[in-house]
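Letter by letter, the chains look like this.
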Amino acid sequence: MLIKRLYDEPLAQAAWLVGCQATGTACVIDPNRDVAGIIAAAAAEGLRITHVTETHIHADFVSGARDLAHATGALLLLSDEGGDGWRYAFRDEAGVRLIHDGDTFMVGNLKFEVMHTPGHTPEHVVFILTDTPASDRPVGVFTGDFVFVGDVGRPDLLERAAHIAGTMEKGARQLYASLQRFKQLPDYLQLWPGHGAGSARGKALGAVPSSTLGYERMVNWGLRAATEEAFVTEVLAGQPEPPAYFAEMKRLNRDGAPALAAMPVPAALPPFALAEALDAGATVIDLRPGAEFLAHHAPGSLGIPFSKSFSTYAGSVVPFGARIFLLASAANARVVAQAARDLALIGYDNVVGAFGVEALDALAKAGRPIARMADVSATEAAQEAAAGVATLLDVRKSSEYAAGHVAGAQLVPLQQLAARLAEVPRDRPLIVHCQGGTRSIVAASLLE
């Protein structure tokens, strides 16, 4: 048996390659859209992908399950739990097998048992793995977004991200019941979750890639909750605001995302074309570090400094389906390619091309204005806010604000800013702040 974690850092998301080395066959669980990379990972281990599955309809990235199954000829196994509204639109396609609680399937000598674990979503399932040549007892569970290291899946996303009213408390109670059933499994089972630290899928995800049920029973608050009421209250409190793009992902993954032949590599465009892109109303994302963006940038561009949080920030402020151009320092072709890949993984497929920083010089030579913003010290910001000279806008998470904030600061989390622009005062200067500096630049560029 071989188990390999295929981890995407920007998404904090794990797909799992599970292979039977005796037969050279493998199953992939929760693949993202980088199908070529997953196929290469299997080939490097001498494995052929014969089965593809996922734990649920994902909300934070575009699923690659359908594309991977088509590319490899693998059987695609999809949950048929959850009832109407939670069934895949492509469930009747050739090569698809619907799975239910208690079902099993074999990949070579490896047995996978399906366990329905509703709560995070109604259709969510986990896969209990048994290495049959070694033992008739299971070795571990691929838990998806049900149980993480140190946390459990959040049941509020359907209501807070997909805007399906009345699902939050119901999901919390379903999640509690699923956990009580799950806790009956043996303590020795290894747990392999679908996300790690940095994901918006929970509020306290650990950075350790795996755990055991026995350890989580001791330390994971969700498995230690004394009563259902206490669990419901705690699981719904303090969850991070979901990025706006989450609302599109459920629909896209349920209905079937457009096939993506390969990860995009945007073409380099001549500097003069930047003015044309801006005039046409396209979205220009400036990937440069924050200090460079503040010093000079194209009016109307979004400053989203490239980092491991790029996907989350872009998905919070870039309109879904937008026509996108990227701008970076001339030497950063690698950054442009990585940014385009990260955007594709969350469904932003229309990245038209990329500019180097010399495009800003071309704007200036053409007599076009170049925008600048001031970098204000914390002391100066506090003084101006206290004097009523400026509005201090806090774009951190609600939980960060609750833990401590500047008196009089107005909270509008970055993830909600695009939808709540009308709440931001326009009668005085704005000073935007966050924790480390990046979110404030993203927010300030959106406000500009």
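Now for a quick tour of the structure. Keep in mind it's a predicted model, so treat the numbers as computed, not measured.

## What about the environment of Leu191?
Counting through the fold element by element, Leu191 comes out in strand E11 (residues 190-193). Exposure remark for Leu191: the relative accessible area of 2% places this residue in the buried category. Taking the C-alpha atoms as reference points, Leu191 and Phe142, 49 residues apart in sequence, are found 6.1 Å from one another. Residues in contact with Leu191, not counting those within four places in the same chain, are Val141, Thr143, Val147, Phe182, Ser210, Ser211, Thr212, Leu213 and Glu216.

## Quick notes on helix H17 (residues 438-447)
Here H17 lies mainly inside the structure; seven of its 10 residues are buried. Of the positions making up H17, those classed as buried are Arg439, Ser440, Ile441, Val442, Ala443, Ala444 and Ser445. Buried positions along H17 lie against helix H10 (290-295), strand E15 (302-303), helix H11 (310-317), helix H15 (398-403), helix H16 (414-417) and strand E20 (430-433).

## Some words on the sheet that holds E15
Sheet strands line up and pair through hydrogen bonds in the backbone, either parallel or antiparallel. Pairing is parallel in the open sheet, where five strands are placed in the order E13-E17-E16-E14-E15. Pairing within the sheet leaves two strands with one partner each, and these edge strands are strand E13 (267-268) and E15. Bridge count for strand E14 (residues 283-286) against strand E16 (residues 324-328) is four bridges, and the pairing is parallel. The residue of E16 that forms the bridge with Asp286 is Leu327.

## Regarding the packing of H11 against helix H12 (residues 333-345)
At a minimum axis separation of 10 Å, H11 and H12 run at an interaxial angle of 60°. Here H11 is positioned oblique relative to H12, judged by the angle of their axes. As for how H11 packs across H12, the hand of that crossing is right-handed. Contacts from Phe310, Ser311 and Ala314 of H11 reach H12 at Ala339, Asp342 and Leu343. Each residue belonging to the contact of H11 with H12 can be placed in one class, and the counts come to four nonpolar, one polar and one charged.

Scoring rules and cut-offs
Residues numbered from 1 in each chain as written. Predicted model: local features only at pLDDT ≥ 70, side-chain atom pairs only at ≥ 80, totals over all residues. Heavy atoms only, no water. Helix = DSSP H or I, 4+ residues; strand = E, 2+ residues; numbered from the N terminus. Buried < 20%, exposed > 50% of the residue type's maximum accessible area, 1.4 Å probe, protein only. Contact = heavy atoms within 4.5 Å. Pairing = 2+ DSSP bridges. Axes fitted to C-alpha atoms, helices over the stretch in contact; angles between N-to-C directions. Parallel < 35°, antiparallel > 145°, perpendicular 65-115°, else oblique. Left-handed = near helix turned anticlockwise from the far one by under 90°. Nonpolar A, V, L, I, M, F, W, Y, C, P; charged D, E, K, R; others polar.

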